[in-house]
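Letter by letter, the chains look like this.
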Amino acid sequence: MKSLSQLTDFYYKKLYPDLQILEEERKKIKKRVINIGIIYLLFILLIAFFIYQKLSLEFLFFFGVFALAGFKWLYSYLINDYNVDFKNKIIAPLIQEIDNNLHYSPQAHIPTAEFNRSKLFTTRPDRVSGNDYVQGSIDAIPVEFSDFHAEKKHKDSKGNETWEKLFMGLFLISEFPKNFQGQTIILPDSAQKIFGDLVGNYLQSNNFSRNELVKMDNPEFEKEFVVYSSDQIEARYILTPALMQKLLRYKKKTKHPIYVSFIGGKIYLAIEYNNDMFEASLFHSLLEYKIAMEYIKTLHLAIGIVEELKLNQKLWSKI
């Protein structure tokens, strides 16, 4: 796989003509979004001024929510063509440069069935969305990932709907080079960080939505993660000292919470972000080094999971 420096050179040298064209397009769209946004805001404030004395606070609240949703739709509409051009002219060539065995589908995402099959989240989503689906193989190891957003619907006593975010971020699936029959789940260790070792350990041990708690021999790993498995022995067979160190290193690289499961011969990995990672920058120049590196590093990190966890090395044979 190409290094970060090689990809940076490719971004600025091979893609530069397209970047310059997109940068001019970005400036025009940015100006248009700001102008239309100001007009939209004044229009909403004008309506609110005339109706606020006649209507309840609850109605005004829902009016505000509706107005915000309207602007979100308007913003997406205004930047859509620019965003499509950016993905086709910049993201797609970057992925091909990393490995030409990878295929990019900007509008697709990981199947919902795979998200549920991972068992990383105990609640099944009522609504999912996503994009930037990449599928293929690296060193003959099948891999696929995409942006993925899962939500759960709730209704109050008055029938009002709200949506709870279950997950938003990068969701990745790869083949795992060990035979196993059970299910092993690795989650961020939030309980011990919030409540301390004693209470945190009690809460983890009595998590009835999960399998049996597995205590690992690596203190640093235990500090960052909590492990549940249907088979204690198999969990330790999968989570060797070397793999635990690799997961710790991978977490430090991502700088975001990560969730991992080993189910059905696959490794599922979810990295929590709160934004769409491969959307075109509108308020920062595409030529800025920092902006360029965000795209390059995110792609390199996602695709590099195979090399980072040594999934492409035949350390273990499948029988």
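Our structure's up above, just so we're on the same page.
Reference entry: report on the structure contained in this document. (Residues numbered from 1 in each chain as written. Predicted model: local features only at pLDDT ≥ 70, side-chain atom pairs only at ≥ 80, totals over all residues. Heavy atoms only, no water.)

Another point: the overall build of the protein chain. Summing up its helical and strand segments, the protein chain has 10 helices and nine strands in all. By the burial criterion, 45% of the 319 residues in the protein chain qualify as buried. For the protein chain, contacts bridging at least 24 residues in sequence account for 69% of all contacts bridging at least 6. As displayed, the protein chain has an accessible area near 17400 Å², and 57% of this comes from carbon and sulfur atoms. (Helix = DSSP H or I, 4+ residues; strand = E, 2+ residues; numbered from the N terminus. Buried < 20%, exposed > 50% of the residue type's maximum accessible area, 1.4 Å probe, protein only. Contact = heavy atoms within 4.5 Å. Areas by Shrake-Rupley, 256 points an atom, 1.4 Å probe, with all protein chains shown as cover.)

Taking burial as the measure, the five residues of strand β5 (residues 184-188) include four buried ones, the bulk of the element. Two strands pair when backbone bridges link them, and β5 and strand β7 (residues 225-229) are joined in this way by five bridges, in the antiparallel orientation. Bridged to Ile186 within β7 is Val227. As paired strands, β5 and strand β8 (residues 258-263) are joined by three bridges and run antiparallel to one another. Its bridge partner being in β8, Thr184 is matched across the sheet by Phe262. (Pairing = 2+ DSSP bridges.)

The antiparallel open sheet is built from nine strands, whose spatial order is β1-β2-β3-β4-β9-β8-β5-β7-β6. With partners counted over all chains shown, the strands left at the sheet margins are β1 (102-105) and β6 (212-214), one partner each. Across the sheet, the mean angle from the axis of one strand to that of its neighbour is 20°, orientation sign disregarded. Pairing analysis gives 10 bridges linking strand β2 (residues 127-138) to strand β3 (residues 141-155), with the strands arranged antiparallel. Bridge pairing in β3 links Ser137 to Pro142. (Axes fitted to C-alpha atoms, helices over the stretch in contact; angles between N-to-C directions.)

Its location among the elements puts Asp132 in strand β2. With sequence-adjacent residues up to four places away left out, Asp132 is seen in contact with Lys87, Tyr104, Ser105, Pro106, Ala108, Phe145, Ser146, Asp147, Asp276, Phe278 and Glu279.

Relative to the helices and strands, Leu299 resides in helix α9 (residues 289-303). Taking the C-alpha atoms as reference, Leu299 lies 8.3 Å from Leu94; in sequence the two are 205 residues apart. The residues contacting Leu299, other than those within four sequence positions of it, are Leu94, Ile95, Ile98 and Phe278.

Bringing the nonpolar core into the picture now. Counting 69 residues, the largest nonpolar core has Tyr11, Ile186, Phe221, Leu239 and Phe262 as its most contacted members. If we skip the residues at most four places from it in the chain, Leu239 touches Thr184, Ile186, Met216, Phe221, Val227, Met244, Leu247 and Phe262. Grouped together as the second largest cluster of nonpolar side chains are 20 residues, Phe115, Leu120, Phe121 and Phe148 included. (Core = buried A, V, L, I, M, F, W, Y, C linked by side-chain atoms within 4.5 Å.)

Here the focus is the packing of helix α1 (residues 4-13) against helix α2 (residues 16-51). The description of two packed helices rests on the angle between their axes and on the distance between the axes. Two elements in contact, α1 and α2, have axes whose closest approach is 5 Å; the angle formed by their N-to-C orientations is 60°. When the axis of α1 is compared with that of α2, the two are oblique. Taken together, the residues of α2 that come into contact with α1 (itself represented by Tyr11, Tyr12 and Lys13) are Tyr16, Pro17 and Leu19. Each residue belonging to the contact of α1 with α2 can be placed in one class, and the counts come to five nonpolar, no polar and one charged. (Parallel < 35°, antiparallel > 145°, perpendicular 65-115°, else oblique. Nonpolar A, V, L, I, M, F, W, Y, C, P; charged D, E, K, R; others polar.)

Here we take up unusual backbone geometry. Not every positive phi belongs to a glycine, and Asp132 is a case in point at roughly 55°. Its identity is not glycine, yet Lys255 carries a phi of approximately 60°, on the positive side.

What follows covers the packing of aromatic side chains. A full pass over the atoms with the stated rule returns 16 aromatic pairs. Ring geometry for Phe115 versus Phe121: centroids 5.4 Å apart, planes at 10°, classification stacked. Measuring from ring centre to ring centre gives 6.4 Å for Phe167 and Phe171, while their planes differ by 75°; the resulting arrangement is edge-to-face. Across the pair, Phe171 and Phe167 agree in class, each one buried. (Phe/Tyr/Trp six-rings, centres within 6.5 Å; stacked < 30°, edge-to-face > 60°.)

Next up on the list: α2. Helical geometry: 3.6 residues make up each α-helical turn, so side chains three or four residues apart lie on a common side. With 36 residues, α2 extends 51 Å between its outermost C-alpha atoms, agreeing within 8% with the 52 Å of an ideal straight helix rising 1.5 Å per residue. Burial in α2 covers these residues: Leu19, Leu22, Glu23, Arg26, Ile29, Val33, Gly37, Ile44 and Ile51. (Expected span 1.5 Å × (residues − 1).)

Turning our attention to α9. For α9, built from 15 residues, the straight-helix expectation of 21 Å at 1.5 Å per residue is met to within 8% by its first-to-last C-alpha distance of 21 Å. Among the 15 residues of α9, 11 are classified as buried, and the element is accordingly described as predominantly covered.

Okay, the pattern of salt bridges next. Under the counting rule described, the total for this entry stands at 12 salt bridges. Lys153 is the salt-bridge partner of Glu161, the closest N and O atoms lying 3.8 Å from each other. Given the relative accessible area of 35%, Lys153 is considered partly exposed. Taken together, the salt bridges that share partners define one network made up of Lys87, Asp132 and Glu279. (Salt bridge = Lys/Arg side-chain N within 4 Å of Asp/Glu carboxyl O.)

A word on the side chain of Asp99. With respect to the helices and strands, Asp99 occurs in the loop between α3 (57-98) and β1. Apart from the residues within four sequence positions on either side, Asp99 is in contact with Ser137 and Ile138.

Below, the discussion takes up the environment of Thr240. Tracing the backbone through its elements, the reader meets Thr240 in the loop between α7 (232-238) and α8 (241-254). Note: C-alpha distance between Thr240 and Met216 (24 residues apart in sequence) is 9.7 Å.

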